[in-house]
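Residue-level structural notes
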Amino acid sequence: LCSDKTGTLTTANMSIITDQIFASDGFTAEEVILYGFLCSNADKKDDPIDRAIVSAFNDTGNSKDGYVQTEIIGFNPSVKRVVAFVKSGDKTLTIAKGLPAKILDTEAGAPDDHELQWKVDKINDHAFIKSVEATDTDLSSSGYKTIAIAVCEGNARELGDAAVWKFAGLLPMLDPPREDTPATIESLHHANISVKMITGDHANVGKETSRLIGLGTNVLPGEEMRNAPSETKNDIIWNADGFAAVLPSDKREIVLVLRNHFGLVTGMTGDGVNDAAALSAAQVGIAVAGATDAAKNAADLILTEEGLSPIYGAVLESRRIFARIKAYVVYRVAASIVLVLTLSIVIFVTSCAVDSLMIIILALLNDVSMIPVAYDNAKATTKPQLPVAKTLVLQSLFYGLVQAGLSLMFIFSMANNRDERFAIDLNGPNNEGCTGEARGFIWFHLVMVTELMIFSVRAPRFVLISPLPSMYLVGSVFLTLILGGLIAGFLQIWTVPGGDIGWIILFNIASFLVVDLMKLQFRKMIGEEPGDVILSDELLTPTTRTETQKTVEKGERYRTHRESIVSVADRNHVVEVKSKSGLPGFFSLGGDTMMDNGYIKPMGSINFMRQNQAPTIRGPHRTKQVSSPY
């Protein structure tokens, strides 16, 4: 999960720490706040930076009389600065605020397309630049987000290259982590979901925030990733705990590398227009609370609550849903294998055929009794599960073949039982066909095998120590077994003795437990171990760890990631809709379609719609990134 920082991992309730303001020579702390205020939009209440600066200026009690903001060029994530034009009497001031590196030199990091470009007047004063950078590093290392302020006397747009920009100072801002963020990170890590923080702030701010919320502190500047050679860039993205001072294109590249190069199911959170490309590129684009319409349109999920905790809840619920679907799919295929193999082999070997009507009733009972699977008490597990057809088929074959083999062994052993009281006759008198008692015996045994199997398939661990199934499922299965037993025992054409029914029950209980134990080793052999069961939706209590401990646990998660890689064939699915409707093939005569843009065309004597030309219907559509060069 790639997550932005401000407003998702942190509260976005920023505040200016006035006693930490850095003022350059020739400026005071009050002037730095004033210029920051004049370069802010007081009406933009939803911008946490402008809101904090306006609040700090109002707290000073100073007046803005004599200053009028005439124009403002808003923030752009590519240029990372805001520029405002202010009238002060007969004079004009041009004020800029933004990322310190971009305020000192607009070409820092990479040239951008802003209409105003500059270098501050002391850019070649190495002592001054080192002093600013050292102050910025100290503040960011303490967890402060820094906003730099620069001022130009006159209209910088008109002055062009003659404009002289003076660096005014730094405004330190504190954006504390959300209270539930450390617990959410702990819980996501327990569910084997790694979190990478991606922020536009200084790398030191990212590292301090990561330390406070329980992430690793290997947070790299976006520039380091951009400048890395292609052969090492992917490894840098894989090993980093996060990235700072990133551009919108960096976010998309990180997502695509994790998704397409490493084959991981990747999520991305975002809230702005600049996040839309990365949200669209991720398998799971998540628009956080308060996101713009552009971010919502590009996302797959839209959160209505702040923070990451709703994502953890969504992960658990989705894993429960998947567990129910997977259990039913495996069960249904396995039950069919058991029925087909057992019945066909018994027929081929002995010519004993269970009544066809009763086979239909068996299938009907089986289908009806499995309806409560949709409401089963499934539990999420710590290991991510993938819908890989191969493993689903292998598990179905395991249950089907093992249970069919045990069933045949039981049926034929009972046929050769020396105790006449319990023996069943599969050949009948004069080999003319098996008796009704034998047919009823086989039928009830298959009812019990297929009904009990669901409890083994649904259990992530050994059935006796796994979470209990829902009472609806238990009740449905045991009512079916009771009904099956009554039918086998009292149906006149069968009348299975009570002793035989008892043997069926005992054998099925024993074989059920044996197969369930074998299941554990088989799942391990095919790499389908589900991991530990997550018993509660409550967030885990975070524990303090050293960087070494975090690295060790990260390595363990990454091993799980490698076991949950999406195959190359499944990473990119391109779906092409060749026809908007299935009706063209239906309404056709002589090979000529009678449909035109979804409307039936008049043809010959058949005139369904009196219309010269079908109108073209156009509507909005959304596309998802399906491939990349990474």
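In the block above lies the structure referred to throughout.
Since the model is a prediction, treat every value here as computed from it, not as a measurement.

1. Considerations on the overall build of the protein chain
From N to C terminus, the protein chain includes 21 helices and 18 strands. Going through the 630 residues of the protein chain one by one, you find that 49% of them count as buried. Within the protein chain, contacts between residues at least 6 apart in sequence are counted, and of these 68% link residues at least 24 apart. By element, 57% of the accessible surface of the protein chain is carried by carbon and sulfur atoms, the whole surface being about 30900 Å².

2. Description of the side chain of S187
Inspection of the secondary structure assignment puts S187 in helix α6 (residues 181–190). Judged by its relative accessible area of 0%, S187 is buried. Ignoring any residue separated from it by four or fewer positions in sequence, one finds S187 in contact with Y312, L539 and L540.

3. Considerations on the pattern of salt bridges
Under the definition given, this model contains 27 salt bridges. A salt bridge links K554 to D241; its shortest N-O distance comes to 3.0 Å. A residue pair is termed long-range when its members are at least 10 positions apart, and K554 in helix α19 (residues 547–563) and D241 in the loop between α9 (230–239) and β11 (242–244) qualify at 313 residues. For the pair K554 and D241, one class covers both residues: buried. A salt bridge links K326 to E528; the shortest N-O distance between them is 2.5 Å. Linking K326 in helix α13 (residues 309–350) with E528 in the loop between α18 (498–525) and α19, this pair joins segments that are 202 residues apart in sequence. A network of salt bridges, in which partner residues are shared, links K5, K145, D175 and D201.

4. Some remarks on the nonpolar core
Membership of the largest hydrophobic core comes to 57 residues, with the highest contact counts inside it found for Y399, I442, W443, M453, I454 and F455. When residues of this core are traced back to their parent elements, those giving at least two are α13, α14 (356–369), α15 (389–415), α16 (436–458), α17 (471–490) and α18. When residues of this core are assigned to their parent elements, the largest contribution, 14 residues, is made by α16. Excluding residues that lie within four positions of it along the chain, I454 makes contacts with A327, Y331, M370, V373, L473 and V477. Counting residues in hydrophobic clusters, the runner-up holds 28 residues, among them L258, L279, A287 and A299.

Analysis parameters
Residues numbered from 1 in each chain as written. Predicted model: local features only at pLDDT ≥ 70, side-chain atom pairs only at ≥ 80, totals over all residues. Heavy atoms only, no water. Helix = DSSP H or I, 4+ residues; strand = E, 2+ residues; numbered from the N terminus. Buried < 20%, exposed > 50% of the residue type's maximum accessible area, 1.4 Å probe, protein only. Contact = heavy atoms within 4.5 Å. Areas by Shrake-Rupley, 256 points an atom, 1.4 Å probe, with all protein chains shown as cover. Salt bridge = Lys/Arg side-chain N within 4 Å of Asp/Glu carboxyl O. Core = buried A, V, L, I, M, F, W, Y, C linked by side-chain atoms within 4.5 Å.

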